[in-house]
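Working through the structure, step by step
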Amino acid sequence: MESQPHASFQVYLRLRPPYQQSPRKSHRENFLTVLPPVPTASDENIECMTSTQVTIHPPSNHRSQKIETFSFTEVFDETCGQNDVFGRVVTPILEGVLQDGRDGMLATLGVTGSGKTHTILGNRQARGMTQMSLDVLFRSLSDRISRLSESQIEQCNDADAEIMDADAFMTKVTSVIEPHQIPKPNTFPTKPSVDPYIVQCPGPPSTKYAILMSIYEVYNDKIFDLLAPSNVARRKALLFKSTRSSGDRKVVTGLRKVMVTNLYDALQVMGVGQYQRSHGETGSNDKSSRSHCFISLELKKLKNKLDGSTKIKESTFTIVDLAGSERARNAKTAGDRLAEGGHINKSLMFLGQCLELSTAQSLGHTPKVPYRQSKLTELLFTNSYNPAAEPQIAAIVVTADPAGDFNATSQMLKYSALAKSSVNLRPPTVMSGRSVSGSSLFSHFSTVSGYTEERPDSSLSALSAASSHRAMLSQDMMNMIVLLQRQLKEADEKIKVAEKRAEEADARCLEIEMQVREEVTSDMELRMSMMEKRMLLKLQDQAEKEEMHVDHKLDILKRTLMETNDENDRARDMEIEEYVRELEAENNSLRNEVQALKRKRANGESPLKERSLNRLKF
Ligand SMILES: Nc1ncnc2c1ncn2[C@@H]1O[C@H](COP(=O)(O)OP(=O)(O)OP(=O)(O)O)[C@@H](O)[C@H]1O
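About the cut-offs
Residues numbered from 1 in each chain as written. Predicted model: local features only at pLDDT ≥ 70, side-chain atom pairs only at ≥ 80, totals over all residues. Heavy atoms only, no water. Axes fitted to C-alpha atoms, helices over the stretch in contact; angles between N-to-C directions. Helix = DSSP H or I, 4+ residues; strand = E, 2+ residues; numbered from the N terminus. Parallel < 35°, antiparallel > 145°, perpendicular 65-115°, else oblique. Left-handed = near helix turned anticlockwise from the far one by under 90°. Contact = heavy atoms within 4.5 Å. Nonpolar A, V, L, I, M, F, W, Y, C, P; charged D, E, K, R; others polar. Buried < 20%, exposed > 50% of the residue type's maximum accessible area, 1.4 Å probe, protein only. Patch = residues over 30% accessible without salt bridge, like charges linked within 9 Å, V, L, I, M, F, W, Y side chains within 5 Å. Areas by Shrake-Rupley, 256 points an atom, 1.4 Å probe, with all protein chains shown as cover. Salt bridge = Lys/Arg side-chain N within 4 Å of Asp/Glu carboxyl O. Lys, Arg positive; Asp, Glu negative; His and termini not counted. Charge placed at Lys NZ, Arg CZ, Asp CG, Glu CD. UniProt positions renumbered as here; feature names shortened; annotations may be inferred. Arc of directions from axis to C-beta. Pairing = 2+ DSSP bridges. Core = buried A, V, L, I, M, F, W, Y, C linked by side-chain atoms within 4.5 Å.

With that settled, the discussion passes to the packing of helix H6 (residues 166–174) against helix H7 (residues 263–276). At a minimum axis separation of 10 Å, H6 and H7 run at an interaxial angle of 30 degrees. Judged on the interaxial angle alone, H7 and H6 are roughly parallel. When you trace H6 past H7, the crossing you get is left-handed. Along the contact surface, H6 presents Ala166, Phe169, Met170 and Val173, while H7 presents Asp265, Gln268, Val269 and Val272. Class assignment of the residues belonging to the contact of H6 with H7 gives a composition of six nonpolar, one polar and one charged.

With that settled, consider unusual backbone geometry. Positive phi outside glycine occurs at Ser142, with the angle close to 40 degrees. Looking at the element boundaries, Ser142 is found in the loop between helix H4 (129–141) and helix H5 (150–156). With a relative accessible area of 42%, Ser142 lands in the partly exposed category.

Here we come to a negative patch on the surface. A cluster of acidic residues, Glu499, Glu503, Glu504 and Asp506, forms a negative patch at the surface. Looking at where Asp506 falls in the secondary structure, it is placed in helix H13 (residues 460–602).

If you check UniProt for "binding site: ATP" (unreviewed entry), the listed places come out as Gly110, Val111, Thr112, Gly113, Ser114, Gly115, Lys116 and Thr117 in our numbering. Residue position: Gly110 is located in strand S6 (residues 104–110). Using a relative accessible area of 0% as the deciding quantity, one classes Gly110 as buried. Beyond its immediate chain neighbours, meaning those up to four positions away, Gly110 contacts Lys116, Ala323, Gly324, Ser325, Thr399 and Met412. Position of Lys116 among the secondary structure elements: in helix H3 (residues 116–121). Of the residues examined, Lys116 reaches a relative accessible area of 5% and is grouped as buried. Excluding residues that lie within four positions of it along the chain, Lys116 makes contacts with Thr108, Leu109, Gly110, Val111, Asp321, Leu322, Ala323, Gly324 and Thr399.

A few words on H6. Taken together, the buried positions of H6 are Ala166, Phe169, Met170 and Val173. In a view along the axis of H6, the buried residues occupy a sector of 95 degrees, so they form one face of it. Looking at H6, the residues exposed on the side facing more than 90 degrees away from the buried face are Asp167 and Thr171. Turning to H6, the residues buried within the fold contact strand S7 (162–165), strand S12 (256–260) and H7.

Bringing the pattern of salt bridges into the picture now. Scanning all chains against the criterion turns up 19 salt bridges. Residue Lys300 pairs with Glu298 through a salt bridge whose shortest N-O separation is 2.9 Å. Since its relative accessible area comes to 2%, Lys300 is described here as buried. As a salt-bridge pair, Glu578 and Arg581 come within 2.9 Å of each other at their nearest N and O atoms. One end of the pair is Glu578 and the other is Arg581, both in helix H13 and three residues apart, which spans about a single turn. Here Glu578 falls in the partly exposed class, since its relative accessible area comes to 38%. Salt bridges linked by common partners bring Lys257, Glu298, Lys300 and Glu314 together as one network.

If you trace the four strands from one edge of the open sheet to the other, you get S2-S3-S4-S18, paired in antiparallel fashion. Edge positions in the open sheet fall to strand S2 (32–34) and strand S18 (419–424), since each of these has one partner strand only. When strand polarity is set aside, the average angle formed by the axes of neighbouring strands in this sheet is 20 degrees. In this sheet, strand S3 (residues 53–56) lies alongside S2 in antiparallel orientation, the contact comprising three bridges. Each bridged residue has a counterpart across the sheet, and for Val34 the counterpart in S3 is Val54. Sheet strands in contact with helix H11 (residues 406–416) are S2, S3, strand S4 (66–71) and S18, and its direction is about 45 degrees off that of S4.

For the pair helix H2 (residues 82–100) and H4, the least separation of the axes is 10 Å and the interaxial angle reads 45 degrees. With respect to their mutual orientation, H2 and H4 come out oblique. Crossing of H2 against H4: the hand is right-handed. Where H2 approaches H4, its residues Gln82, Asn83, Val85, Phe86, Val90, Leu94 and Leu98 are matched on the opposing element by Met129, Met132, Ser133, Val136, Leu137, Ser140 and Leu141.

With that settled, consider the nonpolar core. In this structure, Val89, Leu106, Leu134, Leu141, Phe169, Met213 and Phe317 are the most contacted members of the largest nonpolar core, which totals 54 residues. Of the residues forming this core, the biggest block, eight residues, is contributed by H2. The contacts of Leu141, once residues within four sequence positions are left out, are Leu98, Cys201, Tyr209, Ile211 and Leu299.

If you want it as structure tokens, here you go:
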């Protein structure tokens, strides 16, 4: 049956300070707030208390308006330096490794560019956890440091490791890599910034210690030795398997391990590992780690037995710098970089599942941790896990950029936090006549909080646990109220800004409207005058046509009149002619009468008498 690791992790959160030089990144909004420490009944010195919770509030344009609270073993805010992290996270592990012979592990986990490598390896200004650990290790062991003899190597090495001295190693390496390419030990501050811490090691002065250092990486789900430089194309993936002495526990076989006896040698070896590690430039980080890097410090405690032989007790301190999760769109990756990113995200997704389930395990549940899904989870959950020994002391430092990628960071916090709770800021939704709001907020909060309230049994401890849970929940509520008030204030300010903008927009609209009106009016006037002209032309045209038409009609009338006059004239002429004829006939008859009268008178007749008689006849 598959044995389940029983490693439980202390999970710390470290917030990185804002970017100093990059204006592109420095103007972004902070979405992460460290909550003040929650006092419990057992806290005597409130000033020494450390924060354990953060809330994240989504940007105002985000589809989810949920304020989420995440609990960690401890939260280091932006002001905390390397010494703070080392003192509170790493020294307990070193003590466990040196004093109790337990395995220890320190890993950094976070979104790309959040400060994982900075925490582990430091920079020119500040040493990283690795240099500080090596320093404490060598100072604490001091003159107890020894080399392994051939027979001791034989005795403890069944993983086909190539074990060699630091000098031999450097000679071998510099025959392949140009020495100037390897980062020198003085790249990092050579002196610690605070008084070096020393761990008291148990046992008589005759008990010696040998330290074997190996560095390897998980790149695209394969393990590669970083201390055995070779052409990338010809790099041979190492096997991760059980050996004669490891039993259930799997180990990386075929590694090159360097026996280091002082800090300088160890830093030189680190330089080689750093040079060999897969890096690349992405849109999110100029020097992004493209692999998960493991620095393994094996401590061999050599105890002389009475028969002259040596009893070797082994413990390992593994420091892991994980590659960061990234979103291809933000990282602007393509080709190999995109494929690497895919492998990184997949392995981190499996790690997230394992972490969630191992947290559930530590709370007394018994889910199976599916750590065999990827090389990374196998290495993290089983490499330094020895079923026969005490569980390893493991710490994960989750690094986060409070003004970085909101979605990626909240996802990271979701699966790494030890507990989480949330409050939805959206207005209450009415569902089938019922609404979730106001008074139900507390109960809603309690349900989603992940803090399951224990039913108090008869024991006092259960009662105090329940009351401390209550205190935690009410503290959470207070924190939420403070946050909500802050958000309201921010919203007020935003409204004011929006109102001012609206006023400005109104004024601008008015101005534009006036302009448009003026333009429209002048356009209209232009059109009107053109229309007028056209109408005038049309009217003129029409008038001309009508004039012609009237002229034509007049012509017709004239002609008609003339024709009519002609007819009348003819009729009158005929009448006149008739009349003339009548007159002429009358004239003729009168003339005849006159002639007749004259003749009668000549004949002596009285023409007048006859004439009067004629007239009477008529
Ligand atoms: N706490 C810090 N203080 C000062 N500088 C920091 C801190 N954390 C990160 N930085 C700086 O931010 C930059 C990115 O950090 P780092 O390379 O450690 O990120 P990372 O999480 O390892 O990214 P990746 O996963 O891409 O390798 C570096 O220049 C580093 O020096």
